[in-house]
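Coordinate inspection notes
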Amino acid sequence: MKIHFVCKGNTFRSRMAEAYLNSKQIKGLEVSSSGIEASNALDGPITWQAQRIIKNNNLIPFESSTWHQTVKESLDGMDLIVFMQKMQYDWCVDGLGFEGKNFEIWDIEDLKNSLEQDSIAIPETEEIYKKITDKIDGLIQRVKLI
């Protein structure tokens, strides 16, 4: 099975989701991610908040080394595509002609306070990561990946 996560920049939400699901080391599962605005590289290769979560949860061996721009080819052949928000789905439909039937929209918002103090950004990051892991754990059970 092939699962692909899509967010805005591929430097935070989709990268954490990819690393977390890869860490489950499910036989026969291929996990990837991309961002609809990744080629703008606004946050560099990965946000410090995502790297902090990945490091603190021992996910470094399971993370992608860089961001990937969402292109039609990154969606083709996927068994399931997970869009972090409807805006990414809409962009893929309008901009790439995405017509896939096997997708989910998780409604996990991006960081609001990414430029704020650590005392604000860190709790927000932890909350987003928890939403992602809960959704993935539920997906594993629903799709019976294990």
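With that settled, consider the pattern of salt bridges. Between side chains of opposite charge, a pair can form when the charged atoms approach closely. One pass over the structure, following the stated rule, counts eight salt bridges. Between glutamate 127 and lysine 131 there is a salt bridge; the shortest N-O distance is 3.7 Å. You can see glutamate 127 and its partner lysine 131 sitting in helix H5 (residues 118-143), four residues apart, about one turn around the helix. Since its relative accessible area comes to 47%, glutamate 127 is described here as partly exposed.

Our next topic: helix H1 (residues 13-23). Burial analysis of H1 places nine of its eleven residues in the buried class, the great majority of the element. Of all the residues in H1, the buried ones are Arg13, Ser14, Arg15, Met16, Ala17, Glu18, Ala19, Tyr20 and Leu21. Positioned one or two residues after H1, glutamine 25 has a phi angle of 45 degrees, which is positive.

The subject of this paragraph is unusual backbone geometry. The phi torsion at asparagine 10 lies on the positive side, around 60 degrees, for a residue other than glycine. When you line up the elements, asparagine 10 lands in the loop between strand S1 (2-7) and H1. Overall, the relative accessible area of 0% leaves asparagine 10 in the buried class. With a phi close to 55 degrees, asparagine 58 is a non-glycine residue in the positive phi region. As for its position among the elements, asparagine 58 is in the loop between helix H2 (48-56) and helix H3 (72-75).

Rules used in this analysis
Residues numbered from 1 in each chain as written. Predicted model: local features only at pLDDT ≥ 70, side-chain atom pairs only at ≥ 80, totals over all residues. Heavy atoms only, no water. Salt bridge = Lys/Arg side-chain N within 4 Å of Asp/Glu carboxyl O. Helix = DSSP H or I, 4+ residues; strand = E, 2+ residues; numbered from the N terminus. Buried < 20%, exposed > 50% of the residue type's maximum accessible area, 1.4 Å probe, protein only.

Remember that the coordinates give geometry; whether it matters functionally is a separate question.
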